[in-house]
Each structure stands twice: as structure tokens, then as C-alpha cells.
Amino acid sequence: MSRSGAVIDAHHLEVTLVGPGLPSVADLRLTTTGDPDIPLEIAEVLFAPEKTNTVIVTTATTLDTKGSYQLFHQATGQWYAIAPSLIGIVISLLLAAALVQNFVFTRYLGLCVFFGVSRKRDTAIGMGVTFTIVGFCSGLLAWVLDRYVLRPLSLHFLEIIVFIGVVACLVQMTDTIMKKLHRTLHKKFGIYVVLITTNCIILAVPLLNAMNASGFWESLALALGSGLGFALALFLMSCARERADLAPVPLIFRGLPIAFILAGLFALAFLGFSGLQV
Amino acid sequence: MTTPPAVTWREMWRITLSLAVTCVIAGSVLGLCFTLTEPTIQSHHLEEEARMVRQLLDLDATASIVQVRRYVEEGTSPRVGYLLPDGYHRYDLEGRPVDATARPETLATASVADLDQWIALTFPGTHAVGRFFAGYHADGALAGYVTEASQYGFKSHIRFFVALTPALAIRGVEVIAHEEDPGLGAEMTKPFFKHQFAGRSRESLARLAVTKDPLPSARRAVVVAREGIPYAAWQAAYGAALGALDRQPIYAVTGATISSRALTDGVKQAVAHLHHRLQVVHMTAIGGAHVPFGSACGYFLVHPASLGPRTRSSPLTPQRAKPLEPPPQRRCAAGPWGPTEVSDE
Amino acid sequence: MSNAPATAPRQMPAPPTRTLLWRGFFAENPVFRLALSLCPAVAVTNSVKNGLMMGGAVLAVQVLSSMTVALTRAGIHDKVRIPIYTIIIAVWVSVIDMLCAAVAPVVYAEIGLYIKLIVAFAIIISRLEVFASKYSLIPSTMDGVGMGLGFTFAMVLIGALREVLGNGSVWGIPLVDAQPFLLLILPAGGFFTIGLLMAAMNWIDVRRGNPLSTGGGCH
């Protein structure tokens, strides 16, 4: 059953049918994918303007724009899947991981590195870029190992040791490859690569994926989104700290205490993202 | 960056060997620890679930709880399956029975994971999608249902249990897992919000609305009193106040209207779905005739006396040692089937 | 095994046990002073119970890893000591993780991820590298206990402040039927609490006439 339609809003969905002709309301059976035994009430079916074989189904029940539905046409025996597009799902997961569930400000992970390298904007950008790339690779590698080795053999109690091994190997490999291929790049980013091992976000991503038994695209979105979210947090924080260095901060607050207060303010601001739906 | 001194072969072997030995020791220590702790973790999990169901239905230790798991079989002719105490029953999407497969003797005391695997192997393309519990008093009378559901809240999914009377009025709602913000969305787990559902009938849920108005103090007193006391006692004490319940909306948590609305929608949907499915499961039991929900004759009724070797006799409940009279016209109690998962402790 | 006997001459005399046990609380507190292992310090400290459980887990991992390294240090090849330390920590973290899940499932459901993430804590591996790899069993254990207790102290302190002020309760028992400063149990509250506590520690230092160590930070 390939995707052949999409939810437009809370009461309308659009489906491209295989054959011509307008099916009657009684001829269609609409359900969610999870509950195929419970039909949703359809109010009317109309042809979509300026599209061949495409109908707009109006429902009495409220639809979830992010949900997936299936439509059965009883006269033809044809099934239609109605779901958000893959790109839409990945983008919404990506934004959720980067903003709504930002790893630094709402899950409080990676704080050591976050406070350590956010003093200067240059270092923040360097760390952000390096971390996003390495974190993405390690997230995918760990997902493959989890899905095709640990899970089938029910060795999930080894996950901590395996994931940290993956991260350590990848960091070592990146360092060596960069050193051999591009000396200037290594000079600029080498130090950040070594620091990645102490960032718990890189370990939290595979652990969360394993805990939620995520699929490939979900894992990909979390791996990339976590890196982007970390880079964004680091950049924002470095901008704020550069300014705080010039400000007349009370003596006892100088250095880390004021950085924590700033991080708290950012966390409050990020609270505004929760509930954001794409 | 100075190049490290060349490593001799001898040294390389030593390094490899020491790493390999460390890994082998690490693996065995973890394996040992896993085999020692896993049974405890699993039984804790089951006990916690059984405790929650028992508390929601005000059941004592002599009662039995049956978990009914629901499966979906994908393909050109999709099926919905229910794992009942006597075996696996398949229905078509309209709720008409297709076939039933008895549970093999070897799986009489199997875990949920093993049963899921058995079903997935027997009927390819099948996976578990949901479940509900039915609780029975020691005399076999149906105490009520607990259904599990989830709904997208403010930040992610809220997973919750809804406890219902045999007539499908809400006894209570309990949030199992959520990621709402503490102090805002997370307040929905507090008595003043979650007990606003208690006492409502299935029919009245369709008209149930959520309001942003503050919770009136008179209503609050009734709602909060539900915490920690049995449902029957609460109804007896506040019966007069509950009379006008149909006109009472759900008062949203201040600053968390979306979470409140999500949980309310989820509860409404969960009850409607359970109602739909109980009709399917009951329909087969009595040859297609509808049975009122108050009837003690559920198809998936398991009597404590029929639990067999899984029943642990407790010194506190000596009456459980002697077999109890099975209620009349119960087809399923004759079989040797244990409860699907959660047995009484 | 033969090239590094237990009584290696390079070994410095270990500091007295009293110092080992106490320095983790104030002078070298992992959270407030060294700014290490911050993630759980902000994440799980919205109640005393979570803070204590997390502190206990870190204490156990620190002590057990220190003991393992102190006992096996003669056999660990110098070139691969960091990977081996990592494996040792990962093993103990996994063991503690499974034990917590078995013993306290309710609290574990809330802080499980953060217990697993102890493996990435810089404080633990730095104690192994700086201390346990150089000293014998007893001082290494004491050092581990001191650092673990210092961490637990910080966690319980932050947890208590946030729970009392944010939720109006201690150990889940309500003191007042209100939430005086809701902000403190919100995500941002952990940052504010730690920032203020760090400032308070600096203030004590200034009052005592010690030179102020601005900055800190792991790297």
C-alpha cells in the first residue's frame, strides 16, 4: 500500500483514486492505521477541483494532520494509504529534536562541553560543526548495530559498552583520517574531535533510539537534529557570553555562575518552542 | 604532534591480548549480571502493572486480572486478533469472527513476548497494537475494565490507563508516562485534574467539553476526595453532588489547555474504542447475541480457581486453596488456560 | 605483570584519608567547583529523591571503578589504559543500571537515561587517570568515596532547594499546598539554582579571604 493521499486539515483529506468515478460515502471505509477495526464517520466525498481521479473526503470525526489513515474502497477492493510525506515527517522530527526537545536546554545534556567551549564564538562554531557531523555518523552507525546485531541476538544489555565503543572508534578514526588527508583542517578542528567523547549527547542519541525502538528515519532525524540543536545552543550561548564578558558582572558571579544564569534564560526562551507543531 | 615511537610486534600482541581479555571479562560480567537481574526487572514491571490495575478497580488479592492483547494482521484482507485466555481469535474488520487458534500447552505460562512471537510466527504480518485488562472478583463477577491508550499531548505522547465499571462509566484515569512540562502540563497527573473524569457515563462523554474557567471550589472538593478511597465509597459519599455531573465540563489545568484537551480527547476515544471492541469480543462468546456489559459471563473470564499452577497460595487468603464454584454457563473456565499475563499475586 | 610492581618507587605518599574524603564537598566539588558531570545535576534534581538516587549511582560507579583500576593497574598496558578505563566504567555503569532498574523501578523510570549516561562523565575517568592509577587500593577507594559523596551532596542540595521552593514539598511529602516558585522545577530552574549556588560558594570564598577562582570549566 503506497501513499496516495494526505490529510489537508482537521476535517478534510485528499486521495488520488486508481480509477475514475466518484465513490459514494457508504462505499468508503476510513480508519486510522492503528485501529483498522473502528471506522471513522465520513460526511461527504467530492471531486477535487482541477485534478483527475482525486477526491476530497470530508469527515465528521476530527483528523490528526500528522496521523496516518487508510481508506478502503469496497466497490474496487482497493486500499489507499493517507499519511504525511516522508520529507514532512523527517523535517518535523528534525525540528522537534533541535528546538522543542533541544538537547541542551530541555534535556540538559552535553552541558560540560557546552559550558567549556561557549566562551568564544569561533570555538563554538568549530565545535558545533564538528559535533553535528560526527554525531550524525555515530548515530546512524549505532542504529545499524542496534537493529541488526544487538536486537536480533537480544544482547541489549551490552548497549552502553557497544555504543561508547562506536563513539570512541569513530572519534579516533575521524582524527586519524583528518590528520592524514587535510592537515590544516585537522589543526583547526582536531581538538574538538577529541572533546566529542566527553559529550553525553553523542551517547544519548543511540540510547534514546534503542529505548524507543526507532525506525531508520526517526533515528536519522534525531541524530541530525540533536547535532543541529547543540550547535545552535552553543552559538547562541557564545554570543551571549562574549557580551557578558564586557558587562559589569558582580565579582562573585563572574565566570561560570553568570553563564548558568544565561543558560537558564535561554532554557526559558526555549520553553516557548514546546507545543510547536509542523 | 610528534610521531609516536614505533611499536614492536611483541608489544602489539600484548596490547591486543589485554584489550581482548578485558572485553571478554566485561562481556561475561555483564551477561552474568543481566541473567541475575532480568527476572526481577520483569516481575517488578508486571507487579507494578497489576498493582495499578488492581488499585484502579479496587480489587483485593483474591481477584484475578486478565490481559487481553489486540493484534493487527496486515495484508490484502486485514484481520484484527485478540489474545484471549483460551487462544488467539481472529476477526475481520467488521467484527465478524474468522477463526480461533487454541494456545499450545507449551505456552501455558509463557511471557507476553513469547506469545507475541507465537502469534507473529503463526500469522505472518501480525503485530501487537494494544491491550486492555478485565478484572474479576473472587466469585467470578466482573469488576470492570482498564484500557490502555495514548494521545499526542503538548510535547510528545501521553500514555494512560482508563478504568471503567462493567457498564463503562469511568472509575478513574491514571497517566502512566508523559513528557509534559513540570508545573504546567504535568499537573494533569494531579488528583484535581485526573479525577474530573471519575463518575462519568460512556454516553455523556460525547458531549464532554473542556473549559478554561477555573475549577469551582465545590467541584474541586468532590474531585479531590476521589484520591485514595474506593470508587464505591466515593460515590456513596458524593452521590448527590455527582447527580449534576453531566453538566460539568472538564476544567483545564491553568496554562496547559492543550495538554488537558489532549488527555480529554484521549479518554473519550479510549472509552469509545473499548465499547466497540467489547461488542466484538462478546458477540462471538454467545453465538452472535449481544450481552449486556454487566453480565459476569465474559468470554475471557478466568477464575482464580482455574489459574492452575500459576496461582500462588498465600497464608493470608486461605479461602483460595479450595476450588470455588464456577459460575454457570462459562465456557472458557473449563479450559486449562491461565491468565494471559497478569496473574494475581 | 612484572614491569610495574605494586610498590613502584614513583608513587607519591597518598594524602591523608580525611582530606580525601572531605575535599569533594567544597574545595574540589565536582559540580560547583570543577563544573564536571553537570548534565544530571540539572536534569534529575527537581526532587530530593531523584538527586539522591543519581548521587548514589555515581558514588557506586566511582568507587567500584577506582577499586578495579587500583587493583589491576599493574596489568593495564600504558598505551591502552584509556580504552580499558572506559570499558571498566561502562561495565560498572551497566551493572548499576541493571541493579537500579531491579531495585527501584519507579525512580528508575524517571532517571534511567541519565544513569546510563554516567559512562560519559569526565569526573570518573579523570579520577581514575589522576588518582586510582597511581595509588593503592585503600586511598583510591577513599578518593572515590570522597568525590562520589561530594557529587551526591551537590545533587541533594540542588534537589532539596528546587523541590522545597518549586514544589513546596520534601521527599514527595507536601509542606505547603502551593508551588511557591514554579520556575524552579521548570527546565530553566536547574540552571538558575546551580548558578546561584556557585555564586554563593564564591561569596563564601571571598568572605574567607581566599583568592577567587573565576571560570573553572572542564577544559
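Our subject in this report is the structure included herewith.

Rules behind the numbers
- Residues numbered from 1 in each chain as written.
- Chains lettered and ligands numbered in written order.
- Predicted model: local features only at pLDDT ≥ 70, side-chain atom pairs only at ≥ 80, totals over all residues.
- Heavy atoms only, no water.
- Helix = DSSP H or I, 4+ residues; strand = E, 2+ residues; numbered from the N terminus.
- Contact = heavy atoms within 4.5 Å.
- Areas by Shrake-Rupley, 256 points an atom, 1.4 Å probe, with all protein chains shown as cover.
- Buried area = accessible area lost by both parts, 1.4 Å probe.
- Salt bridge = Lys/Arg side-chain N within 4 Å of Asp/Glu carboxyl O.
- Polar contact = N/O pair within 3.5 Å; in protein donor to acceptor, adjacent residues only side chain to side chain.
- Nonpolar A, V, L, I, M, F, W, Y, C, P; charged D, E, K, R; others polar.
- Buried < 20%, exposed > 50% of the residue type's maximum accessible area, 1.4 Å probe, protein only.
- Expected span 1.5 Å × (residues − 1).
- Core = buried A, V, L, I, M, F, W, Y, C linked by side-chain atoms within 4.5 Å.
- Disulfide = S-S within 2.5 Å.

## So, the overall build of chain C
Thinking step 1. Each helix and strand counted, chain C has 8 helices and 2 strands in total.
Thinking step 2. Walking chain C from its N terminus toward its C terminus, one meets helices and strands in the order α-α-α-α-α-α-α-β-β-α.
Thinking step 3. Nonlocal contacts in chain C, meaning residues at least 24 apart in sequence, comprise 74% of its contacts between residues at least 6 apart.
Thinking step 4. Per element, the accessible surface of chain C, about 9000 Å² overall, is 69% carbon and sulfur.

## A word on the interface of chain A and chain C
Thinking step 1. If you look at the interface, chain A gives 39 residues, while chain C gives 41 residues.
Thinking step 2. Between chain A and chain C lies a buried interface of about 3600 Å² when both sides are counted; carbon and sulfur atoms form 83% of it.
Thinking step 3. On inspection of chain A and its partner chain C, the count reaches 1 salt bridge.
Thinking step 4. The residue Glu159 of chain A makes a salt bridge to Lys116 of chain C at a minimum N-O spacing of 3.5 Å.
Thinking step 5. The interface formed by chain A and chain C holds 2 residue pairs in polar contact (both at pLDDT 80 or more) in total.
Thinking step 6. Listed by contribution, the elements that provide at least two residues to the side of chain A that touches chain C are α2 (111-116), α4 (159-181), α6 (201-212) and α8 (256-271) of chain A.
Thinking step 7. At 10 residues, α8 of chain A tops the list of elements feeding residues into the side of chain A that touches chain C.
Thinking step 8. Partitioning the side of chain A that touches chain C into residue classes produces 30 nonpolar, 5 polar and 4 charged.

## Description of the environment of Leu149 of chain C
Thinking step 1. Within the secondary structure, Leu149 of chain C sits in helix α7 (residues 137-167).
Thinking step 2. On a C-alpha basis, the gap between Leu149 of chain C and Tyr108 of chain C in space is 20 Å, while along the polypeptide they are 41 residues apart.

## Topic: the side chain of Lys116 of chain C
Thinking step 1. One can find Lys116 of chain C in helix α5 (residues 105-116).
Thinking step 2. Not counting chain neighbours up to four residues away, the residues in contact with Lys116 of chain C comprise Glu159, Ile160, Leu207 and Met211 of chain A together with Val93, Asp97 and Tyr108 of chain C.

## Section: the side chain of Glu49 of chain B
Thinking step 1. Within the fold, Glu49 of chain B resides in helix α1 (residues 9-56).
Thinking step 2. Excluding residues within four positions of it along the chain, Glu49 of chain B makes contact with Gln67, Arg131, Phe133 and Phe161 of chain B.

## Looking at the pattern of salt bridges
Thinking step 1. The tally for this structure, following the rule as stated, stands at 21 salt bridges over all chains.
Thinking step 2. Residue Asp58 of chain B is joined to Arg171 of chain B by a salt bridge in which the shortest nitrogen-to-oxygen separation is 2.7 Å. Here Asp58 of chain B is found in the loop between α1 and β1 (64-73), whereas its partner Arg171 of chain B is found in strand β8 (residues 170-177), with 113 residues between them in sequence.
Thinking step 3. Between Arg90 of chain B and Asp99 of chain B there is a salt bridge whose closest N-O contact spans 3.0 Å.
Thinking step 4. Here Arg90 of chain B falls in the buried class, since its relative accessible area comes to 12%.
Thinking step 5. Linked by salt bridges that have partners in common, Asp35 and Asp37 of chain A together with Arg70 and Arg277 of chain B make up one network.

## Remarks on α4 of chain A
Along an α-helix, a turn takes 3.6 residues, which lines up residues three or four apart on a common side.
Thinking step 1. Across its 23 residues, α4 of chain A extends 32 Å between first and last C-alpha, which sits within 8% of the 33 Å expected from 1.5 Å per residue.
Thinking step 2. Along α4 of chain A, the residues classified as buried are Glu159, Ile160, Ile161, Phe163, Ile164, Val166, Val167, Leu170, Val171, Asp175 and Met178 of chain A.

## Topic: the nonpolar core
Thinking step 1. By size, the foremost hydrophobic cluster in this structure holds 131 residues, and its most contacted members are Phe105, Leu111, Phe114 and Phe115 of chain A together with Met54, Ile118 and Phe191 of chain C.
Thinking step 2. Broken down by element, this core gets its largest block of residues, 14 residues, from helix α4 (residues 81-103) of chain C.
Thinking step 3. Counting 45 residues, the second-largest nonpolar core is a separate cluster that includes Met188, Leu205, Tyr251 and Val281 of chain B.

## Observations concerning unusual backbone geometry
Residues and elements named next belong to chain A.
Thinking step 1. Here Tyr108, not a glycine, exhibits a phi torsion of approximately 55 degrees, which is positive.
Thinking step 2. Within the element layout of this structure, Tyr108 appears in the loop between α1 (86-100) and α2.
Thinking step 3. Under the relative-accessibility criterion, Tyr108 is labelled buried at 7%.

## What to know about the interface of chain A and chain B
Thinking step 1. Contacts between chain A and chain B engage 23 residues on the former and 24 residues on the latter.
Thinking step 2. A buried area of about 2000 Å², summed over both sides, lies between chain A and chain B, and 62% of it is on carbon and sulfur atoms.
Thinking step 3. Broken down residue by residue, the surface that chain A buries against chain B is led by Asp37, Ile38 and Phe157 of chain A, which jointly contribute 26%.
Thinking step 4. The interface formed by chain A and chain B contains 4 salt bridges.

## Overview of the state of the cysteines
Thinking step 1. Tallied over the entire structure, the rule returns 0 disulfides over all chains.
Thinking step 2. Here Cys33 of chain B is not disulfide-linked; the sulfur of Cys100 of chain C is the nearest cysteine sulfur, at 11 Å.
Thinking step 3. A residue is classified by how much of its surface remains accessible, and Cys100 of chain C, at 12% relative accessible area, is buried.

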